[in-house]
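One letter stands for each residue in the lines below.
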Amino acid sequence: MEKEAKIFIAGHRGMVGSAIYRKLQKEGYNNLLTKTSSELDLRDQQAVAHFFRENQPDYVFLAAAKVGGIVANNTYRADFLFENLAIQNNIINNSYLNKVKKLMFLGSSCIYPKMAPQPLKEEYLLTGLLEYTNEPYAIAKIAGIKMCDAYREQYGCNFISVMPTNLYGYNDNYHPQNSHVLPALIRRFHEAKINNEKQVVVWGSGAPMREFLFADDLADACFFLMETYNEPNLINIGTGEDLTIKDLALLIKDIVDFKGELVFDSTKPDGTPRKLMDVSKLHNLGWKHSVNLENGITLAYEDFLKRN
């Protein structure tokens with residue numbers, strides 16, 4: 001990407017978009033296009049078309065999405081499917097119409113089949129049934145990947161798709177109902193500590209295994225791939241390392257310094273048993289993460305304290 005290039009970051013106020021924004025600024029890119037959701041509704045076809053015609057971005061990072069944890073995904077199924085399809089359809093199609101040089105579409109590891117072999121290789125996409133609780137979100141993301149590949153095939157667009165693993169970091173969502181597991185645990189342990197509670201209850205058995213990547217590491221990988229990767233099909237972004245939800249909870253309990261007891265409510269759903277990314281494709285290109293989980297959670301907790 002040329003230093004003077006006009007770069008549109010869709011979703012710049014979210015955890016991922018803000019990390020990409022910081023990374024681009026750090027690398028000396030200052031011609032960055034951003035719009036808040038109140039300034040530009042990305043679900044509005046006409047508004048997005050007008051924005052692209054007026055601004056003519058050279059590059060696009062599509063990090064905008066309606067996101068949430070297991071409860072939100074399962075409760076607002078129609079919203080997750082419709083809104084995510086609308087956002088990505090509008091941005092991908094208008095990137096083609098306005099001759100964007102390159103677009104990066106950010107997906108999610110939930111695109112893979114629930115019972116796919118571990119670790120998850122890129123070629124496992126569409127080889128089995130999805131996890132029911134986040135199926136609408138996953139279907140929208142799969143459609144985005146296929147849309148990028150279809151526009152590449154039919155129109156020669158340099159549109160690429162990346163699949164991050166579970167993310168956490170600065171500007172995360174700590175909403176009590178709609179957040180992901182790691183930020184939800186930070187909040188829960190912090191509030192229990194402040195209120196001198198005797199225990200924290202965690203949903204599920206604690207047995208499922210998850211992989212976590214610091215959002216600034218993701219931004220670094222996205223920048224690296226925007227510079228070097230020009231292929232169809234998706235590429236995984238992760239650490240290649242995972243741990244049980246129980247071990248994650250114990251680590252967060254330690255970092256937050258909560259002295260009470262940890263209890264697992266096995267009547268609540270566990271979700272997918274394991275989700276570990278195969279990141280050999282990315283490693284072979286020459287990129288690896290640099291922030292380990294303990295340091296990353298410490299930074300995330302400091303950010304949570306500043307913002308709350």
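Parameters at a glance
Residues numbered from 1 in each chain as written. Predicted model: local features only at pLDDT ≥ 70, side-chain atom pairs only at ≥ 80, totals over all residues. Heavy atoms only, no water. Pairing = 2+ DSSP bridges. Helix = DSSP H or I, 4+ residues; strand = E, 2+ residues; numbered from the N terminus. UniProt positions renumbered as here; feature names shortened; annotations may be inferred. Buried < 20%, exposed > 50% of the residue type's maximum accessible area, 1.4 Å probe, protein only. Contact = heavy atoms within 4.5 Å. Polar contact = N/O pair within 3.5 Å; in protein donor to acceptor, adjacent residues only side chain to side chain. Salt bridge = Lys/Arg side-chain N within 4 Å of Asp/Glu carboxyl O.

J.: Help me understand the sheet that holds strand β4 (residues 102-106), please; the structure alone is not making it clear to me.
T.: The strands making up a sheet are joined through hydrogen bonds of the backbone, oriented either antiparallel or parallel. One open sheet accounts for 6 strands, arranged β2-β1-β3-β4-β5-β10; its pairing is parallel. The strands lining the two open edges of the sheet, one partner per strand, are β2 (32-33) and β10 (234-237). Pairing of strand β3 (residues 59-62) with β4, which is carried by 4 bridges, proceeds in the parallel orientation. Opposite Y59, over in β4, you have K102 as the bridge partner.

J.: Looking at this model, I keep getting lost on the UniProt feature "binding site: substrate" (unreviewed entry) in the protein. Mind explaining?
T.: With numbering matched to this structure, UniProt assigns "binding site: substrate" (unreviewed entry) to R188, W203, R210 and D270. Position of W203 among the secondary structure elements: in strand β7 (residues 199-203). Of the residues examined, W203 reaches a relative accessible area of 38% and is grouped as partly exposed. Look past the residues within four positions of W203 in its chain and what remains in contact with it is V71, R188, D265, K268 and P269. Looking at the element boundaries, D270 is found in the loop between β12 (261-265) and β13 (274-275). Of note is the side chain of D270, whose polar atom sits 2.8 Å from the side chain of S205.

J.: What's the story with unusual backbone geometry in this structure? I'm lost.
T.: Most peptide bonds adopt trans geometry, and most residues besides glycine take a negative phi value. The omega angle of the peptide bond from Q118 to P119 is -10 degrees, so this bond is cis rather than trans. Looking at the secondary structure, you find P119 in the loop between β4 and α5 (135-155). With a phi angle near 70 degrees, N233 is a residue other than glycine that sits in the positive phi range. The topology assignment puts N233 in the loop between α7 (215-228) and β10. Here D257, not a glycine, exhibits a phi torsion of approximately 70 degrees, which is positive. Here D257 falls in the partly exposed class, since its relative accessible area comes to 37%.

J.: Looking at this structure, how should I read the pairing of β10?
T.: Side-chain positions along a regular strand alternate between the two faces of the sheet. Burial of the side chains of β10 extends over both faces: L234 and N236 are buried on one face and I235 and I237 on the other. Judged from the 4 bridges that link them, strand β5 (residues 159-164) and β10 form a sheet pairing that is parallel. From the neighbouring strand, S161 faces β10, where its bridge partner is L234.

J.: For this particular structure, what's the right way to read the environment of Y229?
T.: Here Y229 shows up in the loop between α7 and β10. Note: C-alpha distance between Y229 and I160 (69 residues apart in sequence) is 7.8 Å. Leave out the neighbours within four places in its chain, and Y229 touches K102, I160, L234, I235, K281 and L285. One polar contact links Y229 to K281, side chain to side chain, over a distance of 3.1 Å.

J.: Help me understand the pattern of salt bridges in this model?
T.: Close approach of charged atoms allows side chains of opposite charge to pair. This model, assessed by the stated rule, comprises 14 salt bridges. Between K23 and D220 there is a salt bridge; the shortest N-O distance is 2.8 Å. Linking K23 in helix α1 (residues 15-26) with D220 in helix α7, this pair joins segments that are 197 residues apart in sequence. Residue classification places K23 among the buried residues on the basis of a relative accessible area of 11%. With a closest N to O distance of 3.3 Å, R43 and E83 form a salt bridge. Of this pair, R43 sits in the loop between β2 and α2 (45-55) while E83 sits in helix α4 (residues 77-97), and the two are 40 residues apart along the sequence. Note on R43: relative accessible area 40%, which makes it partly exposed.

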